[in-house]
Each structure stands twice: as structure tokens, then as C-alpha cells.
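Observations on the model geometry
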Amino acid sequence: MTSGTSGIVGAEGLTADIIVVGAGLAGLCAARTLQRAGRQVRVLEASEHLGGRVWSREAEGYTIDAGFLGMFTDYPAARRQFDYDALDLIILKPSAVLRQEGGVTELLGDPRRDPAALPGDLTASALTAADRLHAARLAAEVLAGPAHALLSGPDTSTREFLLGRGFSERSLERFFSPFFGGLVIDRELKTSANLFRYYLRLLITGDVAIPRRGMSELPRQLAAGLNVQRGVRVHGLDSAGQSVILRTSAGEMRAAQVIVATDPPTAARLLNETPNEPRPVGRGSLSSTYLHFRAPQALEPQPRLQLNARPSGWLNQVLWLDQVFPNRVPGERGLLIASLWGIPEGDDAALGELAVAELRDWYGDAVHTLDLLAVDRIAHVQYPQPASYADSLPGHSTALPNVFLASEVTSLSGIQGALESGEKAAAAILGDLEVLSRPRGA
Ligand SMILES: Cc1cc2nc3c(=O)[nH]c(=O)nc-3n(C[C@H](O)[C@H](O)[C@H](O)COP(=O)(O)OP(=O)(O)OC[C@H]3O[C@@H](n4cnc5c(N)ncnc54)[C@H](O)[C@@H]3O)c2cc1C
């Protein structure tokens, strides 16, 4: 066999003891855990950047994240894996502006940490008086017991759960759909109610934060000291006795053990998943488009996330990043990120016009100053997590001998799920039962 262009072939013809396929958060977390346990690990990454879906780049002097991402500071796995001080986190305000029909704007949030949200919390048209009482009760309920316990037990859709709790249809349409639906890319609130309650808990007890220098700080911290080979795509895996052969764009490589840490659709292919698998790795994809606009100046001084609460149109969330990250903007300029539901057809210019047409309702003719800087069309942002999705999650062992899975798809779609899966895939190799028995979401 050949070892690949820069493979270091070990005594048994191995390129490395362990090869991790994919340098997203799951793969990097698994690789770091194994390397710290004394294993020889190599990470192969198809793209030229670290972090998979979590990364930032420079565009004409602006630092932009590939999409709008934030980390819940109370993710238990993030607390274990990251040095928060070194990440230099900027905490987003725990509130959001709801843009309702007819040009009405309503600020809602946690009044303890953002007192400006108090009047909206008390009077916003999105909530009835009864909704406010139900919300207070729900908040108290999710605070009882550990956060991860909210992920287990009987499940239903968020929509059914909220209606069952007495929340009004109006609150679902005008508040919960733009707020939680916008987060999980599911306007209809079909997503698991257990997941909703888990996220609600984390939002009450912690913050949403983004590193000052960009989301790339997360993978950079995990990857320090690791052997990561970029630009190497793995096309297939073959079992070979006690080892695994990897067919890659840089030739064949061989490892005693392999961790597949790609996005779920690719992982399903590499693991030769067949249809009707009871615990599928490929579970579909929710997609989204992100438009980055610059402007001579921000069109408003709002440092909070803005949620489009109108039930139609393409616009989902909007944030003026220059108000939160002045360091990412050259000079006194505006930088706006707008997310769209799905991936509309059309070239960049057409998508820019689509977003500007909807933003015109917010900012009037001043939208002519918006200049499209970059577009990210992301086919797999998350996988759908409907009611009871967790009943059929795959584990870390696979049908291929010596091949393990580290992926958000083993837990929940997000940074917690990715890190947790990296920890557990490594634990499966190391035989670390304590980590393996940690509950999902803990
Ligand atoms: C725009 C956006 C916003 C998000 N917002 C949030 C948020 O606010 N909070 C949150 O918690 N989560 C959020 N998420 C989800 C979160 O980013 C993911 O759940 C998490 O990063 C998944 O990590 P991963 O390592 O499992 O997969 P990935 O990040 O997909 O990493 C997989 C890696 O494998 C590589 N790869 C793929 N195929 C191959 C191959 N054949 N050979 C070699 N390498 C390969 C890829 O290039 C990639 O680097 C968001 C995601 C996106 C895209």
C-alpha cells in the first residue's frame, strides 16, 4: 500500500494508530482526547480550513463567520473543552427584537440581565397575559433538576407541547416560531419539545457568546498541537484484518482505528449506510443562506438579534455585527448578517436583492447603502430533530470493524452534540466507561 503524500508509515505499515476523518469540532475533540491519552493520531480534513461548520474568514477587511453561529456558554461539553478566557468571548444580549407585521417592533428577553426588555416582556402584543403566566411557570419548571434530564422522557413536538401548556396560537406564531423556530430552522415548531426545554434552560442559566476574533477561535483552540492534514478527502473505508484502509485524495492510508467525524450525510456514505437503518446516521439536512452586507454606517444602533416574526418571506434573523464586534469592521462602517430560510434559487446578486427587498420594510430607502459582501449557502446547518428523534440515534460503534462515529448525529445537532460525540468516540476507543455513561446533553 501507499501511505499518502506525507504519510509517516509506522512499524505495521500504519499511517497512524488512529485516523480521524474530519476536522470539525467533533473530530478535533476526539483527536485531542486521544492524543492526550498518549495515542498517535492524525486528522484528515477535506477542506482547507479547520472547524467544519464553525469557522470565520476575512472578506475585504471584515472578519465574517460562515453563517450566524453562537455558543451557549452553559453547554456542559463546551465548559469541559474550552478555555473561555482565552476565547475572549463577547456575550450577546439575552434579548431579541421581534419584527412584527405592520412595522411593529417588540423587544423581549431576560429582564434580569437586559432590563431594557422589561417593558416589552410586560406589554408585547406577541404574548397574552395568560402566555406571560405560562412562560413564568415553564421557566421555573425547566430550572428544576439537571439540564440534561430535560432531554429524556416522553417527547412531543414543540408546537403540541406549547399548546398543551395553554400558550396561545398568537404566541406560537409571533414569538416561539421566530425565536425557537429561527434557531432550529423550523418555522412550524415540529422540533422535539424536550430539545426546546433543554435550550430554554441553557438560555436562562447561561449566555450566548461568540469569540471576539471570530468562531474560528473554537476549532483553533481544540486543534493546538494536533497533526491535521488539510485538503485530504476520504472517499471510502475498507476493513483489512486488524486495521482499516482509507481511500483518500492523497492515496491509500492505513490505521488501526478510524473515527468518522464528517457531516452526517457524508458519514452515512462512508459507513455504507443502507436504507431502513433503524438508527440512521443520515437523517436529512436543514439548510440556510447567510448574506453579509456592509454599509457606510449601520442603519440602526441595535446591538441585539432581530427576528422576523412575519410568517411569510425569506428573512429569518438579522444582526448588525458592527454594534457587537467593532473589531471585525474596518473603520466606522456597518456590517450586517441576514439569514434566509433554506437556499433560495438565484445567484448572489439575486439573493442580495431578495433580502434587501424585505429589509426595505425595516429601513426604508436607506437599504440602497447596503453592499453585498459575501454569501454563504449552507446545505447542512443541522439535521431535523422532530419529536422522539432521540429514540433512534446511532451510537459510536459502527458496522465496520475498528471504525467509530463522532458526530452531532449521536446526540443533538449543535456544538454540545459535536463536542460530546467527540469525547465519547474517543472514550469508546479508550474504554473509558465513565465518559461513555455520561447522559446525552451532560
Ligand atoms: C450557519 C450555522 C449556524 C449554526 N449555529 C449554531 C449555533 O448557534 N449553536 C450551535 O450549538 N450549533 C450551531 N450550528 C451547528 C454546529 O455548527 C454543528 O452542530 C457542529 O459544528 C457540527 O460539528 P461536527 O464536527 O459534527 O461536523 P462538521 O462541522 O460538519 O465537521 C465535519 C468536517 O468533516 C469534513 N469532511 C467532510 N467530508 C469529508 C471527507 N470525505 N474527508 C475528510 N473530511 C471531510 C468537513 O470538511 C468538516 O470539516 C450551526 C451550524 C451552521 C452551519
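Residues numbered from 1 in each chain as written. Predicted model: local features only at pLDDT ≥ 70, side-chain atom pairs only at ≥ 80, totals over all residues. Heavy atoms only, no water.

1. Side note on the site of the ligand
Surveying the vicinity of the ligand reveals 33 residues, the closest of which are Glu45, Arg53, Tyr75, Glu408 and Ile415. The separation between a nitrogen atom of the ligand and a polar main-chain atom of Gly70 is 3.0 Å. In isolation the ligand has 1000 Å² of accessible area, and contact with the protein removes 94% of it. Contributions of two or more residues to the shell around the ligand are made by α1 (25–36), β2 (41–45), β18 (371–382) and α12 (415–430). Taken together, the residues of the shell around the ligand sort by class into 18 nonpolar, ten polar and five charged. In this structure, the shell around the ligand is formed jointly by two domains, domain 1 (16–53 + 216–283 + 393–436) and domain 2 (56–90 + 210–215 + 286–382), each of which donates at least three residues. (Near = heavy atom within 4 Å. Polar contact = N/O pair within 3.5 Å; in protein donor to acceptor, adjacent residues only side chain to side chain. Areas by Shrake-Rupley, 256 points an atom, 1.4 Å probe, with all protein chains shown as cover. Helix = DSSP H or I, 4+ residues; strand = E, 2+ residues; numbered from the N terminus. Nonpolar A, V, L, I, M, F, W, Y, C, P; charged D, E, K, R; others polar. Domains from an automatic or database assignment.)

2. Here we look at α1
Every α-helix carries 3.6 residues per turn, so stepping three or four residues along brings you back to the same face. Taking 1.5 Å per residue as the helical rise, α1 with its twelve residues ought to reach 16 Å, and the 16 Å between its terminal C-alpha atoms agrees with that figure. The buried count for α1 comes to nine of twelve residues, which makes it a mostly enclosed element. Following α1 by one or two positions, Gly38 adopts a phi angle in the positive range, close to 95°. (Expected span 1.5 Å × (residues − 1). Buried < 20%, exposed > 50% of the residue type's maximum accessible area, 1.4 Å probe, protein only.)

3. What to know about the sheet that holds strand β17 (residues 334–341)
Reading across from one edge, β8-β7-β15-β16-β17-β14-β18 is the order of the seven strands in this open sheet, with mixed pairing throughout. Each edge of the open sheet is held by one strand with a lone partner, namely β8 (105–109) and β18. The average angle at which neighbouring strand axes cross in this sheet is 20°, direction not considered. Relative to β17, strand β14 (residues 286–295) runs antiparallel, the two sharing eight bridges. If you follow Arg294 over to β17, its bridge partner there is Leu335. In this fold helix α11 (residues 348–363) packs onto β7 (95–99), β14, β15 (305–308), β16 (315–320), β17 and β18, with an angle of close to 70° to the strand it touches most, β14. (Pairing = 2+ DSSP bridges. Axes fitted to C-alpha atoms, helices over the stretch in contact; angles between N-to-C directions. Contact = heavy atoms within 4.5 Å.)

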